[in-house]
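If you want the building blocks of each chain, they are given just below.
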Amino acid sequence: MYQFSRAIYRELAPYIEAPCAGMAPTSNHAAVLRACEEVITRLATDRHYFARPARTLFLDVRSYFPMSAQSHVHRVISRYIDCAQTFLAEHPHEGYTAVSGAPPQCRATTRKGSACQRTPLPHNGYCPSHQHLADTEDRELAAA
Ligand SMILES: [Zn+2]
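Structural notes, computed from the coordinates. (Residues numbered from 1 in each chain as written. Predicted model: local features only at pLDDT ≥ 70, side-chain atom pairs only at ≥ 80, totals over all residues. Heavy atoms only, no water.)

Attention now moves to the packing of aromatic side chains. If you walk through the whole model with that rule in mind, you get one aromatic pair. Centre to centre, the rings of Phe-4 and Phe-87 are 5.8 Å apart; their planes meet at 55 degrees, and the pair counts as tilted. Note that Phe-4 is positioned in helix H1 (residues 2-12) and Phe-87 in helix H4 (residues 70-90), a separation of 83 residues in sequence. The positively charged end of Arg-42 is found above the aromatic ring belonging to Phe-50, 3.7 Å away from the centroid. (Phe/Tyr/Trp six-rings, centres within 6.5 Å; stacked < 30°, edge-to-face > 60°. Helix = DSSP H or I, 4+ residues; strand = E, 2+ residues; numbered from the N terminus. Lys NZ or Arg CZ within 6 Å of the ring centre and 35° of its normal.)

Counting residues in hydrophobic clusters, the biggest one holds 28 residues, and the most contacted among them are Ile-8, Leu-57, Ile-77 and Ile-81. Of all the secondary structure elements, the ones that give two or more residues to this core are H1, helix H2 (27-46), helix H3 (53-61) and H4. If near-sequence neighbours (up to four positions away) are discounted, Leu-57 is found in contact with Ile-8, Ala-35, Cys-36, Val-39, Ile-77 and Ile-81. (Core = buried A, V, L, I, M, F, W, Y, C linked by side-chain atoms within 4.5 Å. Buried < 20%, exposed > 50% of the residue type's maximum accessible area, 1.4 Å probe, protein only. Contact = heavy atoms within 4.5 Å.)

This brings us to the coordination of the zinc ion. Here the zinc ion is held by Cys-106 (SG), Cys-116 (SG), Cys-127 (SG) and His-130 (ND1), and the distances to it run 1.9 to 2.3 Å. For the zinc ion, the four donor atoms in the first shell make angles of 105 to 114 degrees at the metal, a pattern classed as tetrahedral. Counting residues between consecutive donors of the zinc ion along the chain gives the motif C-x9-C-x10-C-x2-H. Of the two residues, Cys-116 sits in the loop between helix H5 (92-100) and helix H6 (131-143) while His-130 sits in the loop between H5 and H6, which places them 14 residues apart along the sequence. Taken individually, Cys-116 and His-130 each receive the classification buried, so the pair is uniform in this respect. (Donors = N, O, S within 2.8 Å, 3.2 Å for Na, K, Ca; no water. Tetrahedral: all angles 85-135°; square planar, octahedral: opposite > 155°, others 65-115°.)

Here it is, written out as structure tokens:
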């Protein structure tokens, strides 16, 4: 998964502004790379609750770039986040395992209050016995 965050960072790196005097010369670069990795991690592990990842990342990093580069930064981020989302839609378990080191688990909580340990279905993140929760969620979203 981190091939996506590294690709974003590589394309953006030449445009990153130098930090204020007194800061480590690489501090802005480190901050941009970290923001890219955080968004990719969250996308891979929690994409059902991550509504606008490209916008989130753009808002996180835009202050590190000059005005003249903003639209380029936005395009690069949108393009790679689209790729990452396409990849995750096709390989949700691989994406999750790549960033978390463990396979995904159902999003439901059992009646005892612990996390359900079963393998979720890729399209909604709930295991077969918790599919009714996904249905409820869809109705709530539709009603909102
Ligand atoms: Zn479950």
